[in-house]
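Residue-level structure breakdown
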Amino acid sequence: MSVLAFTPVVLRTPTSVKASFPCQPRPKFRTTVSFASAPATQIGFSDPFVLQLAETLEDSHSPSPLPSLQNLRDTSSESLLSTPWPSRRDEAFRFTDTSLIRQSQILPVTQPPKVGNLATGSEDTNFSHLFIADGFLVNSIPCASSLPDGVFIGSLSSDSSDGIREKLSSLFSDFQWGDMFWSLNGLGAPDVTVIYVPAGVRVETPIHLKYLSVEGREGGSKVLPLSNPRVFVVVEDGGEIGIIEEFVSSEGNENKCYWSNSVLEVVIGKGAKVKHSYVQNQSFNSAHIKWTSVRQESESRYELVEASSGGKLSRHNLHIQQLGPDTETEVSTFHLSAGDQTQDLHSRLIFDHPRAYSRQLHKCIIAHSSGQAVFDGNVRVNRYAQQTDAGQLTRSLLLEPRATVNVKPNLQIIADDVKCSHGAAISDLEEDQLFYMRARGVDLDTARKALVFSFGKEVVDRLPHSYLREGVERQVKEVLRRLTSENE
Amino acid sequence: MAQRLSISSSSRPSVLPTPNSSAAYSSSNRVPFNFNFLPHPIHPIRLCNGSTNHRRLSVSRLAATALPSVDSDDSAGASGKKPLLEVKDLKAVIAETGQEILKGVNLVVNEGEVHAIMGKNGSGKSTFSKVLVGHPHYEVTGGSVIFKGENLLDMEPEDRSLAGLFMSFQSPVEIPGVSNSDFLNMAYNARRRKLALPELGPIEFYAYLFPKLELVNMKSDFLNRNVNEGFSGGERKRNEILQLAVLEADLSVLDEIDSGLDVDALQDVAKAVNGLLTPKKSVLMVTHYRRLLEFIKPAFVHIMEDGRIIKTGDIEIVSLLEKEGYKAMSTS
């Protein structure tokens with residue numbers, strides 16, 4: 001695409017879009033975008049790459065009959081008009097290199113892929129399973145015992161979701177904190193998978209969402225198939241549920257290139273509880289961008305445990321908005337960068353109401369000299385969030401020379417009666433512990449491996465289900481073993 | 001039995017006149033000296049009773065054998081003892097600052113002997129044990145250490161441990177994330193590998209481990225906890241003794257194993273250590289107080305001052321120490 005001289009597009013009156021773009025192929029937006037509803041003045045530059053991508057996403061599916069989904073697409077495309085591709089000069093992407101995506105040709109996956117037998121048998125049959133392949137909900141296996149009454153799990157467009165669409169449409173609200181990837185997902189998601197828990201209902205068995213990336217190209221091909229899975233979880237007052245998200249490549253695709261751009265929105269009602277586990281184990285040539293946006297009403301509890309070890313570029317954007325007092329939030333994340341990988345966590349916790357309790361623990365291991373990890377932990381304790389108790393701790397293990405980690409814990413505190421702490425430590429393995437093990441006859445190499453593994457174990461042990469823990473442990477051991485055999 | 005050394009079965013101690021006779025020891029080391037046929041433990045030989053004239057023995061190369069708190073069978077099977085550890089004129093400095101701590105330590109520990117080292121704070125007792133184990137904070141600047149006939153100072157810490165040297169740390173470090181059972185399993189398998197024995201899987205290892213747990217009077221639920229994480233001082237010390245029991249070391253260096261232990265815990269630890277002693281295994285204790293020595297009876301007590309061992313005797317020295325303090329040691 002040629003570089004252009006941009007004239008700022010000032011969107012004030014409902015003018016036609018066409019007149020404003022100088023010497024550009026007109027973006028063929030079939031939807032009528034009403035600019036009257038846009039904020040007063042929105043000055044932005046339109047990025048041709050983004051526009052072209054938006055166009056392809058538009059073309060990838062037909063307009064949806066559902067007004068809420070169509071509305072989502074409209075607002076997303078509107079924001080994409082004025083959102084440039086993030087560059088290293090944007091604070092949010094200062095340390096994260098997105099050239100893997102930027103320099104590839106992006107092909108949205110338009111049809112649900114053909115997948116063979118999805119149930120691999122290793123899952124716990126007590127859980128409900130949903131299989132989302134390339135953004136399309138392709139299969140669901142209900143759990144052995146039936147779900148409580150009123151609980152709905154399925155796609156928004158399916159017929160059975162009629163009853164709840166009314167309830168959900170009021171909850172689809174505009175997200176002010178999203179970035180370009182959020183909007184891309186909003187525009188390109190073929191459907192929304194909904195998990196709905198009515199008031200007071202406790203769902204005993206967790207819901208396991210398995211995201212498969214089926215379409216993939218060979219490494220180095222510079223073509224990235226793009227999938228936009230979108231999941232919306234609503235737990236009404238007093239409800240409880242456990243959600244497990246697992247991102248994997250489908251069999252045989254372990255080294256393929258693809259881009260998974262997913263969004264999970266969680267609305268937690270008053271007094272409700274959600275336990276969220278997120279395991280990412282995608283191909284080492286893939287791009288993985290995920291948004292998790294959580295809204296917590298008063299007295300609710302949200303717990304997140306994350307373990308990410310895959311992806312060449314893996315970025316998790318976590319946004320937790322407090323909508324009422326006395327909430328509890330616990331976030332534990334573990335990132336492993338064992339090759340030429342970037343593991344990125346950008347989290348934001350916003351407190352506007354008093355007496356919140358939150359703890360955040362982030363651990364990352366960078367075990368390769370080209371590996372990189374990024375952490376940006378933002379906590380905003382605003383004016384009315386008195387007696388907030390917020391703690392944040394990030395510990396990084398740098399094991400190889402030239403490995404990089406960029407940590408930016410940042411707390412923005414306006415309230416004056418709060419207890420907030422943050423800590424960051426970046427180190428190699430502890431000498432004392434290594435010596436203790438050597439003095440017991442364990443050779444240096446084994447001791448290092450054991451200590452590296454145990455570093456991540458603190459977070460991995462918080463995963464609530466043993467098969468998940470074992471899976472992650474196996475994965476980490478395998479990655480570390482491969483590393484040492486490479487070095488030999 | 002042809003290797004019986006010149007020290008005969010007489011009950012009088014004889015002081016080896018010159019260091020050259022150690023050659024006699026080293027040659028005997030190569031021949032496997034099998035104690036298994038000995039029906040009785042060797043009779044503890046009492047050194048000059050009541051005499052305060054212990055200075056003669058400061059060379060401390062005695063072939064006299066002693067086993068603590070064993071039955072007083074008067075069997076005359078006192079063969080010569082192989083030296084397990086020979087420290088000659090060991091000098092060491094702190095690696096970072098170059099400050100000299102050990103200024104020429106001489107010590108011989110034979111198989112089956114229990115030694116104790118006492119001394120003022122800062123005399124170099126802990127440094128001595130750390131140097132033996134190979135701690136990176138210290139650098140050896142002179143002297144030699146021979147352990148089981150091999151040069152100890154050339155070996156890496158893990159090799160020293162595999163050779164049969166065990167040190168129990170004064171303040172054991174926490175290793176969060178590594179469970180006790182995993183840690184012991186790793187250490188034990190490393191030892192088995194060295195002895196060319198097949199490694200044990202977790203279940204077989206547990207079967208091996210269980211009686212050792214009873215020996216140190218610890219419950220099995222502690223195995224699932226992480227190494228020393230959240231352990232009290234006494235629990236850490238007992239964990240050290242458990243590791244000693246599992247690894248079956250030949251020479252255990254116990255650095256202030258009694259510090260921070262209550263009376264019951266101390267008895268447990270002492271019982272465990274005594275239970276592990278055999279005619280071939282030795283113990284070197286570093287301690288401040290008599291209390292431990294009541295339970296684990298040493299044959300030799302050394303007083304360390306200013307980086308050197310200045311006095312050697314038996315437990316009677318301790319009485320003198322408690323009455324008159326360390327001053328009495330240097331002046332008498």
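As the structure is a computational prediction, the values presented were derived from the model and not from experiment. (Residues numbered from 1 in each chain as written. Chains lettered and ligands numbered in written order. Predicted model: local features only at pLDDT ≥ 70, side-chain atom pairs only at ≥ 80, totals over all residues. Heavy atoms only, no water.)

**Details of the overall build of chain B**
The test is simple: Each helix is a run of DSSP H or I of at least 4 residues and each strand a run of E of at least 2, with the numbering of both proceeding from the N terminus. In what follows, a contact means two residues having at least one pair of non-hydrogen atoms within 4.5 Å. The Shrake-Rupley method, run with a 1.4 Å probe, gives the accessible areas here. Residue values count only the displayed protein chains as cover.
Regarding its fold elements, chain B presents 10 helices and 12 strands. Taking the intrachain contacts of chain B between residues at least 6 apart in sequence as the baseline, contacts between residues at least 24 apart amount to 70%. Accessible surface for chain B amounts to roughly 14,800 Å². Of this, 50% is attributable to carbon and sulfur atoms.

**Some remarks on the overall build of chain A**
Counting its secondary structure elements, chain A contains eight helices and 23 strands. Residue pairs at least 24 apart in sequence account for 83% of intrachain contacts in chain A once pairs closer than 6 positions are excluded. Counting every atom, chain A has about 20,300 Å² of accessible surface; 49% of that belongs to carbon and sulfur.

**Describing the UniProt feature "domain: SUF system FeS cluster assembly SufBD core" (unreviewed entry) in chain A**
Our working definition: UniProt positions are given in the numbering used here, feature names are shortened, and annotations may be inferred rather than shown by experiment.
The feature "domain: SUF system FeS cluster assembly SufBD core" (unreviewed entry), as given by UniProt, occupies residues 226-455 of chain A in the numbering adopted here. Taken end to end, residues 226-455 of chain A is 9% helix and 58% strand, and its first and last C-alpha atoms sit 34 Å apart.

**Let's talk about the pattern of salt bridges**
Residues and elements named next belong to chain A. As a reminder, the rule being used: A carboxyl oxygen of Asp or Glu within 4 Å of a side-chain nitrogen of Lys or Arg is what we treat as a salt bridge. Throughout this description, buried means an accessible area under 20% of the type-specific maximum (1.4 Å probe, protein chains only), exposed means over 50%, and partly exposed covers the range between.
Evaluated as defined, the whole model comprises 36 salt bridges over all chains. For K457, the salt bridge is made with D461, and the minimal N-O distance between the two is 3.5 Å. When its relative accessible area of 37% is taken as the criterion, D461 is described as partly exposed. Here the salt bridges share partners, and the residues they tie into one network are E91, R94, D376 and K408.

**Focus: the interface of chain B and chain A**
Where we set the bar: Two parts placed together each lose some accessible area under a 1.4 Å probe, and adding up what both lose gives the buried area. Polar contacts, as used here, are pairs of N or O atoms within 3.5 Å; protein pairs need one atom able to donate a hydrogen and one able to accept it. Residues neighboring in sequence count only if both atoms are side-chain atoms.
Contact residues are listed per partner, giving 30 residues for chain B and 17 residues for chain A. Between chain B and chain A, a total of about 1,900 Å² is buried, with carbon and sulfur atoms accounting for 66% of that surface. Among the residues of chain B in contact with chain A, E158(B), V173(B) and M186(B) are the three that bury the most area, contributing 27% of the side total. For the pair chain B and chain A, the number of links is three salt bridges. The partner of E156(B) in a salt bridge is R438(A), with the nearest N and O atoms 2.8 Å apart. Our count for the chain B to chain A interface comes out at 11 residue pairs in polar contact (both at pLDDT 80 or more). Every element with two or more residues in the side of chain B that touches chain A is listed here: helix 3 (157-163), strand 6 (165-168), strand 7 (175-179), helix 4 (180-194) and helix 6 (233-247) of chain B.

**Here's the deal with the sheet that holds strand 11 (residues 300-305) of chain B**
Residues and elements named next belong to chain B. Cut-off, in case you're wondering: DSSP-based pairing: two strands are paired if at least 2 bridges between them are found. The convention used is that axes are lines fitted to C-alpha atoms, helices contributing only their stretch in contact, and that angles between N-to-C directions extend from 0 to 180 degrees.
Spatial ordering of the open sheet is given by 6-9-10-3-11-12, a layout of six strands whose pairing is mixed. Single-partner strands in this sheet number two, and they are strand 6 and strand 12 (308-313). For this sheet the average axis-to-axis angle between neighbouring strands, irrespective of direction, equals 20°. On the sheet, helix 6 packs against strand 6 and strand 9 (251-255) and is oriented at approximately 170° with respect to strand 6.

**Topic: the domain arrangement of chain A**
Residues and elements named next belong to chain A. This is how the line gets drawn: Domain delimitation in this document rests on an assignment produced automatically or drawn from a domain database.
The assigned domain composition of chain A is domain 1 (3-430) and domain 2 (431-488). Listed as interface residues are 33 residues of domain 1 and, on the opposing side, 25 residues of domain 2. Together, the buried faces of domain 1 and domain 2 total about 2,700 Å²; carbon and sulfur atoms form 70% of this surface. Considering only the surface of domain 1 that becomes buried against domain 2, K363, L429 and E430 emerge as the three largest contributors, covering 24% of it. There are two salt bridges connecting domain 1 and domain 2. The interface formed by domain 1 and domain 2 contains 10 residue pairs in polar contact (both at pLDDT 80 or more).

**Comments concerning the packing of helix 1 (residues 48-60) of chain A against helix 5 (residues 180-188) of chain A**
Residues and elements named next belong to chain A. To be explicit about the condition: Every angle not falling under 35 degrees, over 145, or within 65 to 115 is termed oblique; those three ranges are roughly parallel, roughly antiparallel and roughly perpendicular. Note on convention: the crossing is left-handed when the near helix lies turned anticlockwise from the far helix by less than a right angle, right-handed when the turn is clockwise. Asp, Glu, Lys and Arg are counted as charged, while Ala, Val, Leu, Ile, Met, Phe, Trp, Tyr, Cys and Pro are counted as nonpolar; the rest, among them Gly, fall into the polar class.
In the contact formed by helix 1 and helix 5, the axes pass within 9 Å of each other and the chain directions differ by 25°. By the angle class used here, helix 1 and helix 5 are roughly parallel. In the packing of helix 1 onto helix 5, the handedness of the crossing is right-handed. Packed against helix 1, whose contacting residues are V50, L53, A54, L57 and E58, the element helix 5 presents M180, L184, L187 and G188 at the interface. Per-class residue counts for the contact of helix 1 with helix 5 are seven nonpolar, one polar and one charged.

**Comments concerning the confidence of the model for chain A**
Interpreting fine coordinate detail is not advised for predicted regions of low pLDDT. Inclusion rule: Within a predicted model, pLDDT stands for the predictor's per-residue confidence, ranging from 0 to 100.
Overall, the predicted model of chain A reaches an average pLDDT of 85, with 88% of residues at or above 70. With pLDDT under 50 throughout, residues 10-27 of chain A is counted as low confidence; its partners more than four residues away or in other chains account for 21 contacts.

**Here we look at the sheet that holds strand 21 (residues 389-398) of chain A**
All names here are of chain A. In space, the 10 strands of this open sheet follow the order 5-4-8-11-13-15-17-19-21-23, with mixed pairing throughout. Two strands bound the open sheet, and with one partner strand each, they are strand 5 (136-141) and strand 23 (419-427). With direction set aside, neighbouring strand axes in the sheet form an average angle of 10°. As defined by bridge partners, strand 4 (residues 128-133) adjoins strand 8 (residues 207-213) across six bridges and the pair is classed as parallel. Its bridge partner being in strand 8, H129 is matched across the sheet by H208. Lying on the sheet, helix 7 (residues 444-460) is in contact with strand 15 (301-308), strand 17 (328-337), strand 19 (357-366) and strand 21; it crosses strand 19 at an angle near 155°.

**Some thoughts on the packing of helix 6 of chain B against helix 7 (residues 263-276) of chain B**
Residues and elements named next belong to chain B. With their axes 10 Å apart at the nearest point, helix 6 and helix 7 run at an angle of 10° to one another. Between helix 6 and helix 7, the crossing angle belongs to the class labelled roughly parallel. Touching R238, I241, L244 and A245 of helix 6 are D268, V269, A272, V273 and L276, all from helix 7. Residues of the contact of helix 6 with helix 7, tallied by class, amount to seven nonpolar, no polar and two charged.

**Let's talk about helix 1 of chain A**
All names here are of chain A. Rules: Helix span, expected: 1.5 Å multiplied by one less than the number of residues in the helix.
Under the 1.5 Å per step criterion, the end-to-end length of helix 1 is 18 Å for 13 residues, consistent within 8% with the ideal 18 Å. Taken residue by residue, helix 1 has P48, F49, V50, L51, L53, A54, L57, E58 and S60 as its buried positions. Looking at the buried side of helix 1, the elements it contacts are helix 2 (67-80), helix 3 (99-102), strand 3 (105-108), helix 5, strand 9 (223-227) and strand 12 (259-268). Where helix 1 begins, one side-chain oxygen reaches toward the backbone nitrogen of F49, 3.0 Å away; that side chain belongs to D47.

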